[in-house]
Amino acid sequence: MDSLKLWLRQRLGRYSYSFVESYYFCRYQLLYRGNKRICPCCSARLKKFLPMRTRAGILVPSVMCPRCDAHPRHRLLWHYLCAEHGELFESKLQLLHVAPEFCFARYFRKMKNLYYVTVDLEMSQVDCRADVCRLPFAEDSFDVLFCNHVLEHVPADREAISELFRILRPGGWALLQVPIDRKRSQTLEDETIISPKERERCFGQYDHVRQYGTDFQGRLAGAGFAVEILAYPDTLSATVVEQCGLDPDETIYLCRKNAANADMLRMV
Ligand SMILES: [Zn+2]
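Thresholds applied
Residues numbered from 1 in each chain as written. Predicted model: local features only at pLDDT ≥ 70, side-chain atom pairs only at ≥ 80, totals over all residues. Helix = DSSP H or I, 4+ residues; strand = E, 2+ residues; numbered from the N terminus. Expected span 1.5 Å × (residues − 1). Buried ≥ 20, exposed ≤ 12 C-beta atoms within 10 Å, placed from the backbone. Contact = placed C-beta atoms within 7 Å. Core = buried A, V, L, I, M, F, W, Y, C linked by C-beta atoms within 7 Å. Pairing = 2+ DSSP bridges. Axes fitted to C-alpha atoms, helices over the stretch in contact; angles between N-to-C directions.

Caption draft 1: A look at helix α2 (residues 72–84). With 13 residues, α2 ought to run about 18 Å at 1.5 Å a step, and its terminal C-alpha atoms sit 18 Å apart, in line with that. Within α2, the full set of buried residues consists of Pro 72, His 74, Arg 75, Leu 76, Leu 77, Trp 78, His 79 and Leu 81. Contacts made by the buried residues of α2 are with β4 (59–64), α3 (87–90), α4 (102–108), β9 (168–175) and β13 (252–256).

Spelled out as structure tokens, the structure:
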């Protein structure tokens, strides 16, 4: 990608993030300061997390942080990153963030140790507009990748996973989270299901193209990733899980590109 264009978009992105941050900060100060909940993403002490209405119209209680917009899955990942990946906050790293979540991007953009690039096909406030199946970056470009709750929207998800593997450097790691139905051993997908209503019924959301099962790990491994599934909430006390509003059943897919795997795939 043209480096001047990338630089300009990164600067513009910072201004828009500052505006949203100011709004959330005022809202938090005026209405939601308290001592019942703690958000690991922004360290806010809160009266409560806000409810959220799903696209199907169902009201789910205690979801969003009013200070940074983090959901339970974001809070879990940030807690994990702070506890287990100190290098992300200290070392010089190149980080690519696909479909950047505000609660993470607000920090990553300010971290001087990171060369941070955001990418998405549709979002306007990203550094680079691109399809995750055809990323405009050389192979082995990034040390760390974040691509959370994206693949369930992508028809050719195996292509996207391979592309992510290609641009990750050997020795690098990625967090590739998707919604998983743990009762399902095999992923449900049917490319003839295209109406939003049917997708909602079959895949859980109108714009999802599949419902992943526990075989998701196989798709990641098929591209070359070495995958660890971490039951991270089990390592935390019940008090922390409750206070931080975490999902005790959520797991983290930590994907590594081992040098040996990368070499073997190049030879195929
Ligand atoms: Zn927060």
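Caption draft 2: Looking closely at helix α5 (residues 157–167). Of the residues making up α5, those classed as buried are Asp 157, Ala 160, Ile 161, Glu 163, Leu 164, Phe 165 and Ile 167. Of the surrounding secondary structure, the elements contacted by the buried residues of α5 are β5 (93–98), β8 (142–147), β9 and α7 (216–222).

Caption draft 3: Structural context of the nonpolar core. Among the nonpolar cores identified, the biggest contains 49 residues, and Cys 65, Leu 145 and Leu 164 are the most heavily contacted of them. Residues contacting Leu 145, with those up to four places away along its chain left out, are Leu 96, Leu 164, Leu 168 and Ala 174.

Caption draft 4: Seen up close, the environment of Ala 174. Mapped onto the fold, Ala 174 is located in strand β9. If near-sequence neighbours (up to four positions away) are discounted, Ala 174 is found in contact with Val 144, Leu 145, Cys 147, Leu 164, Leu 168 and Cys 255.

Caption draft 5: Structural detail: the sheet that holds β13. Pairing in this open sheet of seven strands is mixed, and the strands run β7-β6-β5-β8-β9-β13-β12 from one edge to the other. Whereas interior strands pair on both sides, the edge strands pair on one side only; in this sheet they are β7 (128–129) and β12 (226–230). As paired elements, β8 and β9 share four bridges and run parallel to each other. Residue pairing for β9: Phe 142 is matched across the bridge by Leu 168. This element, α5, spans β5, β8 and β9 of the sheet and lies at about 130 degrees to β9.

Nothing here speaks to function; it is geometry throughout.
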